[in-house]
Amino acid sequence: MTPTPASPSETLRAPLVVEFPFTRSLGPVQSAFLTGLRERTVLGVRTETGAVLVPPVEYDPATAAELRDLVEVGATGTVTTWAWNPEPRPGQPLPTPFAWVLVRLDGADTALLHALDAPGPEAVRTGMRVRIRWAAERSGAITDIACFEPYDSDPVAEPGAHDGRFTDPVTGIVAAARLDYTYSPGRAQTRYLHALTERRTVGERCPSCTKVYVPPRGACPTCGIATTDQVEVGPRGTVTTYCIVNIKAKNLDIEVPYVYAHIALDGAGLALHGRIGGIPYDQVRMGLRVEPVWSEDGRYPDHYRPTGEPDADYDTYKELL
Amino acid sequence: MTPHRPDREVAIVAFAQSDHRRRTDDLSEVEMVMPVLHDVLRQTGLRTSDIGFTCSGSSDYLAGRAFSFTMALDGVGAWPPISESHVETDGAWALYEAWVKLLTGEADTALVYSYGKSSPGSVRDVLTRQLDPYYLAPLWPDSVALAALQAQALVDAGATDEPALAAIAARSREDATANPHAQLPGARPQGEYVVQPLRTGDCPPIGDGAAAVILAAGDRARELCARPAWIRGMDHRIEAHSLGVRDLTDSPSTRLAAERAGAFEAPVDTAELHAPFTSQEVVLRRALDLDESVRVNPSGGALAANPVMAAGLIRLGEAAARIHRGDSDRALAHATSGPCLQQNLVAVLEGDSDA
């Protein structure tokens, strides 16, 4: 409980991967377009003024009018602008250097973004003619177009009629994404984590209101200033409130029911979370005195168990509820 | 179209920003934000409890964590409860929200802040997640690639060329030598193509940073600042979502926002333009009809420091700071968000004349 000045510690870093497979439903226009790609047919949508938008949208970007008039456009087109990508990044259409292109397909008035497979930037220019290279396996996604490739042909001006109907239409896509981060927790949490490796719990005291935050985040949310002094708290504490968990969580090897509690470690200005063990779930109570139990190589207490002391008086922890 | 004149006078009265750095592993977000919050409070002599409204801007995708802004909020002193809001975009839009709040008369002062730590992830890849998820995001076109498509469209249109882009980069970074917060001050080589036609020098640095601003209304602003930067007008507009629908060489949304903000009613002497890529300055100068008489990005702009989510707010802050110092009488500030200048905000700031 002796305050020690906060000192800079070695910065901690750890990989953090965020992955999500968003499942998205398609409206009538996007469903027809993506199903069409699966069938090697490119559809656009005609606006009230007769312009053909490819890729198609459900509402006119200029007037917001609902658009449903589907038409078929060509698999050949003209590059309207381009950019040479010397080092493709993960997830991009081609693993080898390629050009990003906006392509106005024959019969369309707007351009589609995709990749162009070309030997080098000298082989690419605005106005060049290209055609779609279809992916070998197609599922009804923009990636059914593997890429574009150079292809000399005369432009075809007129879009063809198409009712947009296909057997077994695609009605949804899975938009998978993965982003890789390196997480570093900052000064306050680094100190907290370093102390835990020595099985000590440290908080930080606000120099203004003197409250001790555990775990510390570097700032006092009441005063809006940096918490400066490190304070060792615990190891014992008091259960301030708790709940009984009856649903088994995935990948969690704990028998239900178990007790999850707020525990005010001695000297701390607010309670932290922890599981209570070593006592039947229906005998846990407010005021119960507990201490941490560390597993063999655990980096934080596995759970808290009763110390056997008399229960804490309500007045000693009522401010921490 | 006649610009709307706000009924209530609102000014930027203080501005602070961090030193922008490639990485800040030793700092959590709140640890990065707190010094700039304390700086603007110190400049005005205000205490947290004096602030009528607080608004912030940031993005969970940079942090890789949900509701990441709630942790940074600890730096504000949010207890007892405060009136607070957050925008999931650049802090310039948080400033817009705070301005509206002050115009309604519900508050007399506002604290606006924003921050971005790009260093934990790959910002080029992270920004692909803001794209349309049906047609664009599955292709992972990164932010430099999309800017390069716009740059090539400008080159094809005869609006610029590589030497002209290099000159913009050189001028910006030369100007940044006078900016102690800049990440890339001074001359540096244009480098290799990142995505042709954009070279390293045409692209913004990747970095971490934060900024804060205090707004005040009427006489309160005069009390807090010797020469308030009055917001004469502010507006923000958006382009059609699909890049292939747009003319990438133009920015009608910037022009419209400027018109509605009153930017064309009288000449400006300074323009802080949020152009992370050299080619985007070309688009913005054309859209805003800025000639050589206007001092563009004396701070060095986003080419010298581009903390994502704060770089737009910094443009407003830098423009205001020039008015505070008496270096400018009428300044335009611009902020952008999204690929290829998708969304654009324009504010017109003025200082009181000495007479």
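Residues numbered from 1 in each chain as written. Chains lettered and ligands numbered in written order. Predicted model: local features only at pLDDT ≥ 70, side-chain atom pairs only at ≥ 80, totals over all residues. Heavy atoms only, no water.

1. Description of the interface of chain A and chain B
Item 1. If you look at the interface, chain A gives 63 residues, while chain B gives 53 residues.
Item 2. For the pair chain A and chain B, the summed buried area comes to about 4800 Å², and 60% of that belongs to carbon and sulfur atoms.
Item 3. It is Arg89, Leu113 and Tyr181 of chain A in chain A that bury the most area against chain B; as a group they hold 13% of the surface buried on that side.
Item 4. Linking chain A to chain B there are 2 salt bridges.
Item 5. Arg89 of chain A serves as the salt-bridge partner of Asp125 of chain B, at 2.8 Å between the closest nitrogen and oxygen.
Item 6. Remark: the boundary between chain A and chain B carries 21 residue pairs in polar contact (both at pLDDT 80 or more).
Item 7. Top contributing element to the side of chain A that touches chain B by residue count: strand E12 (residues 172-183) of chain A, with 10 residues. (Contact = heavy atoms within 4.5 Å. Buried area = accessible area lost by both parts, 1.4 Å probe. Salt bridge = Lys/Arg side-chain N within 4 Å of Asp/Glu carboxyl O. Polar contact = N/O pair within 3.5 Å; in protein donor to acceptor, adjacent residues only side chain to side chain. Helix = DSSP H or I, 4+ residues; strand = E, 2+ residues; numbered from the N terminus.)

2. Digging into the pairing of strand E2 (residues 53-57) of chain B
Residue and element names in this part refer to chain B.
Item 1. Burial runs high along E2: 5 of the 5 residues are buried.
Item 2. Note that E2 and strand E4 (residues 109-117) share 5 bridges and pair parallel. Bridge pairing in E4 links Ser56 to Tyr113.
Item 3. With 4 bridges joining them, E2 and strand E3 (residues 84-87) adopt parallel strand pairing. Paired with Gly57 across the two strands is Val87, which belongs to E3. (Buried < 20%, exposed > 50% of the residue type's maximum accessible area, 1.4 Å probe, protein only. Pairing = 2+ DSSP bridges.)

3. Overview of the environment of Thr336 of chain B
Residue and element names in this part refer to chain B.
Item 1. With respect to the helices, strands and loops of the structure, Thr336 is situated in strand E11 (residues 330-337).
Item 2. When its relative accessible area of 7% is taken as the criterion, Thr336 is described as buried.
Item 3. Once the C-alpha coordinates of Thr336 and Val346 are considered, the two residues, 10 residues apart in sequence, prove to be 9.0 Å apart.
Item 4. A polar side-chain atom of Thr336 sits 2.8 Å from the main-chain carbonyl oxygen of Gln343.
Item 5. At 3.1 Å, the side chain of Thr336 forms a polar contact with the side chain of Asn344.

4. A few points about helix H9 (residues 252-261) of chain B
Residue and element names in this part refer to chain B.
Item 1. Within H9, burial applies to Ser253, Thr254, Ala257, Ala258 and Ala261. Down the axis of H9, the sector holding all buried residues measures 135 degrees, keeping them to one side.
Item 2. Considering only its buried residues, H9 is in contact with strand E8 (229-238), helix H10 (278-288), E11 and strand E12 (343-350). (Arc of directions from axis to C-beta.)

5. As for the pattern of salt bridges
Item 1. This model, assessed by the stated rule, comprises 45 salt bridges over all chains.
Item 2. Residues Arg42 of chain B and Asp39 of chain B are paired through a salt bridge, measuring 2.7 Å at the closest nitrogen-oxygen approach. You can see Arg42 of chain B and its partner Asp39 of chain B sitting in helix H1 (residues 29-44), 3 residues apart, about one turn around the helix.
Item 3. Residue Asp39 of chain B is classed as partly exposed on the basis of its relative accessible area, which comes to 23%.
Item 4. When salt bridges that share partners are traced, they join Arg236, Asp266, Arg289, Glu291, Arg305 and Glu309 of chain A into one network.

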